[in-house]
Amino acid sequence: MHKNGWLTKTCGKFGDKIKMNVLISKRVWKILPFIIMLGLIGVILFGLYHDADIRYALISSKDEADIKYAEYTIKNTCEFGWYFENARTNGGAGELYDHSMGDFIQFSIVRLLGCFTDNVDLIYNIMYFATYFLCAVSMYIVARLLQMSRTTSAVMGMLFTFLPWHQLRLHHLFSSVFYVIVPIAVLISIWIADGQVWGEKTVTLGKISINKKYTWICILVIFTSITDVMWSAFNCYVLAIAIFISAFRDQTAKSVFRNIKLLLLEILGTIAMYSPVLIHYIRTGVNTKAAAYTRSADQAEHYGMKLINLLMPRANHRIQKLADISEIYKNHVGENENINISLGIIVSVGFALLLFQLMKREKEKEISSLAVLNIGTILVGTVGGIGAIVAYLVPQIRTYNRISLYIAAYSIIYLGIISEKLREKTKKTVWITLLFLVTAVAVFDSTVKYDNEYQKSVIAETDSTEKFVAEIESVMPKGTRIYELPYMMFPEGGGYDLVDGYLYSDHLIWSFGSIKGTKEAAWQEKLSQISVEELCEQITLEDYRGIYVDLNYMNKSETYDAGTFVTDMTNFLGEEPIYSEDGTKCFWNITSFSESYLRQIGTANKDYYKMPFVSNIEGFSDKSVDGDGLEFRWCDGNGIITVCNRTNVAREAILSFRVNSYADYDNKMMLYLQDESYLINVSGNYKENDQKVVNITLDLQPGDNQIYLKSDLDVLEEPKGIIKKTFMIKDFKVTWK
């Protein structure tokens, strides 16, 4: 009896174990396509990038400036908790409110990675590789929610993550490559169009009844809104198109209102994410000279989407003949980022078939929604489309070619629908083989092996710069301010190499990073126009004790010749600079000069010797330079020139400039400062270059002093694309009397 009981228990346990193993096997089998998808992505990425040195940022020749900016924001986020403010750039007052990227999701990931490593390049590369997995997972989940099989969903994830865009936009990590939210926004748009946002299950909390599906959709909408403002704008477009579709179907007004609330939630989520920027603007005013506010409506046309670019082979295709087609087209029409929106051959087939669905009279509701959503998105993004019209109201959103990723998502979903229909009509082995071939062709067509030759050259320069900055940091006390030359606008000023000082140091404060349109940027621009003696004096007064020069950048600038500058500075300071190993950068420690100069003027009086400078100009064209190297601007008749007095007392200053008008007769202009006014006779006949020289002595109060220049002269000529011309100011200078 005892033996039989023991045997029964043993067999029972063995049987339970078998059942458990079978259950586990079934569960593993269910997620096997998902695991295979992730494994294939890893294998493919290894094959494409195994020659790269991931300790350094993945880079190609045209990407360097954008990657430098991304590295700056990564280090800023890791060091100071977020990227809005930086106490080690812009002389200790660095900020990016005027060039905010939003994207709470990405920068949260950066913060998390920063807890494990301080290697900015490694974080950049991990973020980039992670986007492949995240984009695939996003599309996989969306496909499953659309009732696709696991195998089809995995293939859809592969197609979406290996779009040519992913490699071609490597350098735009934050604003282009992280397109994880696109499938989610597309899913919500499909549910809205099909009238599926309201589920059957509800939860009661007290007297409130909550619809579970609608609540989850609201959460998804909020998730899609806390990303880059460009993606948020595109989300609003596809949701609006879906609401338009739903309104023309048999949905009630109540249903349409629910859909509109989702659109409003997207907008409110974006506003909430950008609330720090809005608060900053309330506190300081809007910087109209910042990059986002100098954009114009015509840029939406320039960066708009072209259908031909969707169907063209990707740039640098593996097959040379296809690469040549893309290169020839680019050479004929010019290049901007819209050359990168190729869908690849497989997704292009889905795109074409989905367009064809518009011509069919009878089609399934889901396919009809996809087709209309697809064509609606095309109308938004295409050159001359809805986006170009909206750009006249919101010119800040200009890169409409990027909406091509939504078109890709709709096309891939349609391919998924086709796959599911084939699954029902063909043998499983044939179906899986076909899906494997489709995936293989798509990956082959859309990707190329990473060329690490340029990265190798950059690594040598990076190592040289890193050692050079470390050498500077070893001889300068903690918290020392270092002034960088040449002056370059930030951001979008042509390059970001001067950010190297910040990237490779831990306790020095750098001048680079002053946002254009700010007072600090205007001051730095002024310093680029004075002698080396005045430069050393003025930066000493602002507590800078070192001068860092990027000689390559200096030779590219319009202001300096590197050789002449080094000679002049060496002669003035009486000592040679130290150089980086590759000779591209040099540095002077000016502590001895600064101490001597402050003893000479008296430390207590140093503010008195700070020079005045023009901090803002309104009502004038952008500056131009004549044949003699003199700067000039045209005024529209009502100009304001703001002059900053950084001293702590009122001082007399001399304004000097040349002025004449576009008229063919002499006329008059008024100059106002506070309660004082001056009448200026202006010579006409601009074409004879007869310019009146004006010298006026004014009292400048501490802080900003606004000088108003007004003329009632009619505009006689207004060349296309130029501000209205009434009079011209040339060689404007302000100096202490």
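Residues numbered from 1 in each chain as written. Predicted model: local features only at pLDDT ≥ 70, side-chain atom pairs only at ≥ 80, totals over all residues. Heavy atoms only, no water.

Quick word on the overall build of the protein chain
Inference 1: Helices and strands together make up the secondary structure of the protein chain, namely 27 helices and 18 strands.
Inference 2: Relative to its 737 residues, the protein chain shows a buried fraction of 53%.
Inference 3: Look at the contacts in the protein chain between residues 6 or more apart in sequence, and 76% of them connect residues 24 or more apart.
Inference 4: Taken as a whole, the protein chain presents about 34,500 Å² of accessible surface, with 58% of it coming from carbon and sulfur. (Helix = DSSP H or I, 4+ residues; strand = E, 2+ residues; numbered from the N terminus. Buried < 20%, exposed > 50% of the residue type's maximum accessible area, 1.4 Å probe, protein only. Contact = heavy atoms within 4.5 Å. Areas by Shrake-Rupley, 256 points an atom, 1.4 Å probe, with all protein chains shown as cover.)

A word on the sheet that holds strand β6 (residues 509–510)
Backbone-to-backbone hydrogen bonds pair the strands of a sheet. The strands run either parallel or antiparallel.
Inference 1: Strand order across the open sheet formed by five strands is β6-β5-β7-β9-β8, with mixed pairing between neighbours. Edge strands, defined here as strands with exactly one partner in the open sheet, are β6 and β8 (578–579).
Inference 2: Note: strand β5 (residues 481–485) against strand β7 (residues 544–550), five bridges, orientation parallel. Each bridged residue has a counterpart across the sheet, and for Y483 the counterpart in β7 is I547.
Inference 3: Along the sheet face, helix α26 (residues 562–573) touches β5, β7, β8 and β9 (585–589) and points at about 20° away from the line of β9. (Pairing = 2+ DSSP bridges. Axes fitted to C-alpha atoms, helices over the stretch in contact; angles between N-to-C directions.)

Observations concerning the nonpolar core
Among soluble globular proteins, nonpolar side chains are generally buried collectively.
Inference 1: Counting residues in hydrophobic clusters, the biggest one holds 80 residues, and the most contacted among them are F160, Y179, V182, W231, F234 and Y406.
Inference 2: Of all the elements, helix α10 (residues 229–247) adds the most residues to this core, at twelve residues.
Inference 3: Beyond its immediate sequence surroundings of up to four residues, F160 is in contact with C135, M139, Y179, V182, P183, L405, A409 and I412.
Inference 4: One finds L45, V110, L113 and I472 within the second-largest nonpolar core, a separate group that totals 65 residues. (Core = buried A, V, L, I, M, F, W, Y, C linked by side-chain atoms within 4.5 Å.)

Remarks on the environment of T227
Inference 1: In this structure, T227 sits in the loop between α9 (212–225) and α10.
Inference 2: Its relative accessible area of 0% is what places T227 among the buried residues.
Inference 3: Placed 124 residues apart in sequence, T227 and D103 show a C-alpha to C-alpha distance of 3.6 Å.
Inference 4: Apart from the residues within four sequence positions on either side, T227 is in contact with D103, I181, S232, M273 and Y274.

Overview of the pattern of salt bridges
Inference 1: Per the stated rule, a full pass over the model turns up 24 salt bridges.
Inference 2: Across the pair D194 and R249 runs a salt bridge, and its minimum N-O distance is 3.4 Å. With D194 in the loop between α8 (181–193) and β3 (202–205) and R249 in the loop between α10 and α11 (253–273), the pair connects residues that are 55 residues apart, well separated along the chain.
Inference 3: Judged by relative accessible area, which is 5%, D194 ranks as buried. (Salt bridge = Lys/Arg side-chain N within 4 Å of Asp/Glu carboxyl O.)

Here we look at helix α16 (residues 344–356)
Inference 1: In this model α16 runs 18 Å from its N-terminal to its C-terminal C-alpha over 13 residues, within 8% of the 18 Å that 1.5 Å per residue would give.
Inference 2: Turning to α16, its buried residues are G344, I346, V347, S348, G350, F351 and L354.
Inference 3: Close packing links the buried residues of α16 with α5 (150–161), α6 (164–168), α14 (307–311), α17 (365–381), α19 (404–425) and α20 (428–446). (Expected span 1.5 Å × (residues − 1).)

Describing the environment of I578
Inference 1: Within the secondary structure, I578 is located in strand β8.
Inference 2: By relative accessible area, which is 29% here, I578 ends up partly exposed.
Inference 3: Non-local contacts of I578, meaning those with residues more than four positions away in its chain, are made with F468, E471, I472, K585, C586 and F587.

Overview of the packing of aromatic side chains
Inference 1: Taken as a whole and assessed by the stated rule, the structure comprises 40 aromatic pairs.
Inference 2: Taking 5.0 Å as the distance between ring centres and 75° as the angle between the ring planes, the aromatic pair formed by F160 and Y179 counts as edge-to-face. Taken together, the positions of F160 in helix α5 and Y179 in the loop between α7 (173–177) and α8 put the pair 19 residues apart, joining distant regions of the chain.
Inference 3: Each member of the aromatic cluster is reached from another via a ring pair, and the members are W82, Y83, F84, Y97, F104, F107 and F174.
Inference 4: K75 extends its terminal NZ or CZ atom over the ring of Y502, reaching a point 5.3 Å from the ring centre. (Phe/Tyr/Trp six-rings, centres within 6.5 Å; stacked < 30°, edge-to-face > 60°. Lys NZ or Arg CZ within 6 Å of the ring centre and 35° of its normal.)

Examining the packing of α8 against α17
For any two helices packed against each other, the geometry comes down to the angle between their axes and how far apart the axes lie.
Inference 1: At a minimum axis distance of 10 Å, the contact between α8 and α17 shows a crossing angle of 120°. In terms of orientation, α8 lies oblique with respect to α17. The handedness of the crossing between α8 and α17 comes out as right-handed. Between α8 and α17, the residues in contact are S189, I190 and A193 and S369, L370 and L373, respectively.
Inference 2: Here the contact of α8 with α17 is composed, by residue class, of four nonpolar, two polar and no charged. (Parallel < 35°, antiparallel > 145°, perpendicular 65-115°, else oblique. Left-handed = near helix turned anticlockwise from the far one by under 90°. Nonpolar A, V, L, I, M, F, W, Y, C, P; charged D, E, K, R; others polar.)

A few points about the pairing of strand β12 (residues 631–645)
Inference 1: Burial analysis of β12 places eleven of its 15 residues in the buried class, the great majority of the element.
Inference 2: Sheet topology places strand β10 (residues 613–620) next to β12; six bridges connect them, and they run antiparallel. Directly across from F620, in β12, lies its bridge partner C635.
Inference 3: Summarising the sheet, strand β11 (residues 624–625) and β12 pair through two bridges and their orientation is antiparallel. Looking across to β12, one finds that V625 is bridged to E631.
Inference 4: Where β11 hands over to β12, the hairpin turn is made up of five residues, of which G629 adopts a positive phi near 80°.
Inference 5: The pairing of β12 with strand β18 (residues 727–736) spans four bridges and is classified as antiparallel.

What to know about the packing of α11 against helix α12 (residues 275–284)
Inference 1: Interhelical geometry of α11 versus α12 gives an angle of 60° and a closest axis separation of 4 Å. In this view, α11 runs oblique relative to α12, as classed from their interaxial angle. Note on element contacts: α12 touches α11 through S275, P276 and L278, opposite I271, A272 and M273.
Inference 2: Grouping the amino acids of the contact of α11 with α12 by side-chain chemistry returns five nonpolar, one polar and no charged.

Things to note about empty space enclosed by the protein
Inference 1: Evaluated as defined, the whole model comprises five cavities of 30 Å³ or more.
Inference 2: Elements represented by at least two residues in the lining of the largest cavity include exactly α2 (64–80) and α21 (453–475).
Inference 3: Split into classes, the residues belonging to the lining of the largest cavity amount to seven nonpolar, two polar and four charged.
Inference 4: When its volume is computed, the second largest cavity comes out at roughly 60 Å³.
Inference 5: If you go around the second largest cavity, the residues you meet are E64, K68, V458, E461, T462, T465, D497, D500 and Y504.
Inference 6: Elements with a minimum of two residues in the lining of the second largest cavity: α2 and α21.
Inference 7: At four residues, the largest contribution of residues to the lining of the second largest cavity is made by α21.
Inference 8: Residues that form the lining of the second largest cavity fall into these classes: two nonpolar, two polar and five charged. (1 Å grid on protein atoms, 1.4 Å probe; cavity = no way out; pocket = protein on both sides within 12 Å on 5 of 7 lines; lining within 4 Å. Points joined across faces, edges and corners; volume = space filled by probe spheres on them.)

Looking at a nonpolar patch on the surface
Inference 1: There is a patch of nonpolar side chains on the surface, built from F257, I260, L264, I267, L268, I271 and L278 and spanning about 620 Å² of accessible area.
Inference 2: A per-element tally of the nonpolar patch places α11 first, with six residues.
Inference 3: Take L268: it is sitting in helix α11. (Patch = residues over 30% accessible without salt bridge, like charges linked within 9 Å, V, L, I, M, F, W, Y side chains within 5 Å.)

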